[in-house]
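# Breakdown of the fold
Given next are the chains, with one letter for each unit.
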Amino acid sequence: MEINDHLPLFVTKSAKGRIPLQIYAFSILVGICLIFVYRVSYIPAKEEAGRWVWIGLFLSELWFSFYWFITTVLRWNLICRSTFKDRLSLRHEKALPGIDIFVCTADPMIEPPSMVINTVLSVMAYDYPPEKLSVYLSDDGGSDLTFYAMVEASRFSKIWLPFCKKFKVEPRSPEAYFRTAAEPLEDPAMAKAWSSIKTSYEDMKKRIETTTKRGQISEEVRKEHKGFSEWNKVSSRRDHQTIIQILINGKDPKAVDIDGQPLPTLVYLAREKKPQYHHNFKAGAMNALIRVSSLISNGPIILNVDCDMYSNNSDSARDAVCFFMDEENGHEIGFVQFPQAFANITKNDVYGSSMKVAKEVENPGFDGHGGPLYIGTGCFHRRDTLCGHKYGKEFKADWKGGKWNDRKVEESASVLEETCKVLASCTYENNTQWGKEMGLKYGCAVEDVLTGLAIHCRGWRSIYFNPERKGFLGVAPTTLLQSLVQLKRWSEGDFQIFASRYCPFVHGYKKTPLKHQLSYCIYLLWAPTCLPTLYYVVVPSLCLLRGISLFPEISNPWILPFAFVISVHRAYCLGEYIWLGGTFLGWWNDQRMWLFKRTSSFFFGFFDNILKLLGFTTSAFVVTAKVADDDVSQRYEEELMEFGASSPMFTIIATLALLNVFCLVGGMKRVIMQKEMQNLLSHPFALQILLCGVLVIINLPVYQGLFLRKDNGRMPTSITQRSITFALLACAFALY
């Protein structure tokens, strides 16, 4: 046992394949340098056409090279981690720290209550001492429909939790489990329980969905719990008092399941809302939960998950605790971030939502440079870090006693509810450090990234843990517009951080390593990447139409660095994607989304940020829909891109697609008219024709949506007309 006490609770290993990466990086760097030499050596004279276009192209290539450099730096030190939960149990089973779990929802129409309670039930069923688990739901929609679903979940948990633990089922979201698991006919005892609980779940789900569809709670149901009376005072979802209900009090000896085992604490919270006060979106909800939970359970570890991110691995809590309780390195860890994975990704990932490279390459690289960023869900925090505490070498957490486990709350649930209300009021944060130095940061669309950066700058490091069985699974966007809007918000918020005093190079100066600051820039510089991308998509094509050559002839030796960098870089990206378990078509879809998001989402994110800096706009938070119509879902499963909504983003995408097809036709006409088709190798426009042709091929789904499809997912007629007009005007401007 003494020998075991000195063994670590987790181990860190460096990823393999560093030598091939170094060879690839060095060769690409040489190719990039040669391209720069060509650009500088062959810049057109002042009197020649295309001089400024050439300079613009050179600046775009400089930006792409810088971005390639920081992504390569991130890959230089990939690490992976594994935990030893058996050692944790042997040494600390009776002294495991309490965990407060925060689930956030905002709108019962977009985030159905039946989905929300599946997430709640999945985290209640963790393989962890139930008396040390407390689950809090923040309902920013202030909906009695969501509260009703929580009441139903509190009852269902009495049979669901013992079933999960007795038969060790995975996942522990009832909806996900019964959707994926077959009836266990080979085990009569489990089959009987399985059938009974499935029936109970289906009945509960039907009641919740029927009530949600009806939009109101019956008087008979309202009499079943005192909490419903709170809605008698509610004016609207944006104007109501604090509503807090302790549905299961884990300290109550009577709060047990059907096997007599204790249940986790379960709390519903709808913080106070008043029209004259800014509620600070999800960050405000999280900060209210931090304060309320400090009086009820005060767990030293906080897990927060989005309402659609159910627990897919019941060991996740123990995995996270292994990092925090490690005797040698645990004291320096501020948070443990699990990857954001999705349950509804199609085979070829039509919208690139799986973010394979980010999960499997970029985040492990981030971890090797000082720790991953905080992505707002699936993250276990040390409570101290969220309360603004700085790390010091003398800091040692006392998990076995002290301020956490020795705290005894003797008040009844009703007294606690009243006491906590002031902590979730609109005025509590006035003249305090909440949203500044305490809790999640305010004033940014990506409050999670900003908060994680602040934690790193206080001296804490973070851990990225990506187990074979994913810790959490959520719902990916099922339409193109949902995906683009989400990416627009992320890019806008990320660039807002870069352009503020929280820029990693400023706020992180001498606080985090330079390589860690560069790692943050991969995401913080998403938005400005739209400018060189748009330049490369538009200008070479228009110059092809105009007759201005921007690249060397294929027979010219200077074509070699261009050909080498393009082919080797794309081949490396394809190989990386396939190695991570993707398909060729999935990679091609990812390239298409790379183009779409850079020319639309990042474009709007960049200019909205500029307008915000100038004081013309303010931040807004858009909740991504978690449900879709049946026909939309069917097209998503068939991997047909969804264009069936009017949006300025679609106008840009369609205009660029048509612009390139018009320029390709014009460029090919130029080649044919000059009778140089047979001498294509010496033609000065060969590479521009190739670039334009690739852009046309990658936009094939757009042309189908514009002209060929007849379903509701086709491009709206108004967008088709506008995009044709804009593309023709751009071509006419280039020609005349």
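Now for a quick tour of the structure. Each residue is numbered by its place in its chain's sequence as written, counting from 1. Confidence filtering applies because this is a predicted model: local features only for residues at pLDDT of at least 70, side-chain atom pairs given and counted only at 80 or more, and all residues used for totals across whole chains, interfaces and linings. Water and hydrogen atoms were dropped before computing side-chain values, which therefore reflect all heavy atoms in the structure.

### Examining the pairing of strand β11 (residues 379-382)
- Alternating positions in β11 separate into two faces, Cys379 and His381 on one and Phe380 and Arg382 on the other, with burial throughout.
- Note: two strands are recorded as paired if DSSP finds a minimum of 2 bridges between them. Secondary structure elements follow DSSP: runs of H or I no shorter than four residues count as helices, runs of E no shorter than two count as strands, and numbering proceeds from the N terminus. Across four bridges, strand β7 (residues 301-306) lies against β11 in antiparallel orientation. Note that in β11 the partner of Leu303 across the bridge is Phe380.
- Where strand β9 (residues 333-337) and β11 come together, three bridges link them in antiparallel fashion. Each bridged residue has a counterpart across the sheet, and for Gln337 the counterpart in β11 is Cys379. Any residue under 20% of the maximum accessible area for its type is buried, any over 50% is exposed, and the rest in between are partly exposed; the area is computed with a 1.4 Å probe on protein chains only.

### Re the packing of helix α5 (residues 113-124) against helix α8 (residues 188-214)
- The angle between two axes is taken between their N-to-C directions and runs from 0 to 180 degrees, where each axis is a line fitted to C-alpha atoms and a helix contributes only its stretch in contact. Contact pair α5 / α8: the axes reach a minimum separation of 9 Å and the direction vectors enclose 140 degrees. On the basis of the axis angle, α5 is oblique to α8. Taking contact as the criterion, the partners of Pro113, Ser114, Ile117 and Asn118 in α5 are, on α8, Tyr201, Met204, Ile208, Glu209 and Thr212.
- Note on residue classes: Ala, Val, Leu, Ile, Met, Phe, Trp, Tyr, Cys and Pro are nonpolar, Asp, Glu, Lys and Arg are charged, and everything else, Gly too, is polar. When the residues that make up the contact of α5 with α8 are grouped by side-chain class, the tally is five nonpolar, three polar and one charged. In what follows, roughly perpendicular refers to angles from 65 to 115 degrees, roughly parallel to angles under 35, roughly antiparallel to angles over 145, and oblique to any angle outside these ranges. Note on contacts: a residue pair is in contact if any heavy atoms of the two residues lie within 4.5 Å.

### Remarks on the environment of His278
- Take His278: it is sitting in the loop between β6 (265-270) and α10 (281-296).
- Residue classification places His278 among the exposed residues on the basis of a relative accessible area of 56%.
- Remark: the alpha-carbon pair of His278 and Leu62, spanning 216 residues in sequence, is separated by 42 Å.
- Whenever two N or O atoms come within 3.5 Å, that pair is a polar contact, provided that in protein one can donate a hydrogen and the other can accept it, and provided that, for residues adjacent in sequence, both atoms are side-chain atoms. A distance of 2.9 Å separates a polar side-chain atom of His278 from the backbone nitrogen of Asn280.

### Quick word on the side chain of Arg87
- Within the element layout of this structure, Arg87 appears in helix α4 (residues 85-92).
- When charges are counted, Lys and Arg are positive and Asp and Glu negative, with His and the chain ends excluded. One speaks of a salt bridge when a side-chain nitrogen belonging to Lys or Arg is within 4 Å of a carboxyl oxygen belonging to Asp or Glu. Buried and unpaired, Arg87 has no salt bridge, with Asp86 as the nearest side chain of opposite charge at 4.9 Å.
- Of the polar contacts made by the side chain of Arg87, one reaches the backbone oxygen of Pro8; its length is 2.7 Å.

### A word on the packing of aromatic side chains
- To pair, rings of Phe, Tyr and Trp, with the six-membered ring standing in for Trp, must have centres within 6.5 Å; the planes then decide the type, stacked if under 30 degrees apart, edge-to-face if over 60, and tilted in the middle. Overall, the coordinates contain 47 aromatic pairs when judged by the stated rule.
- Taking the centre distance of 6.0 Å and the plane angle of 55 degrees together, the rings of Phe335 and Tyr374 count as tilted. Of this pair, Phe335 sits in strand β9 while Tyr374 sits in the loop between α12 (356-368) and β11, and the two are 39 residues apart along the sequence. Exposure class is identical for Phe335 and Tyr374. Each is buried.
- In this arrangement the basic side chain of Arg291 is found over the ring face of Trp434, its NZ or CZ atom lying 4.8 Å from the centre. Ring-over charges, as used throughout, are those where CZ of Arg or NZ of Lys falls within 6 Å of the ring centre and within 35 degrees of the ring normal.

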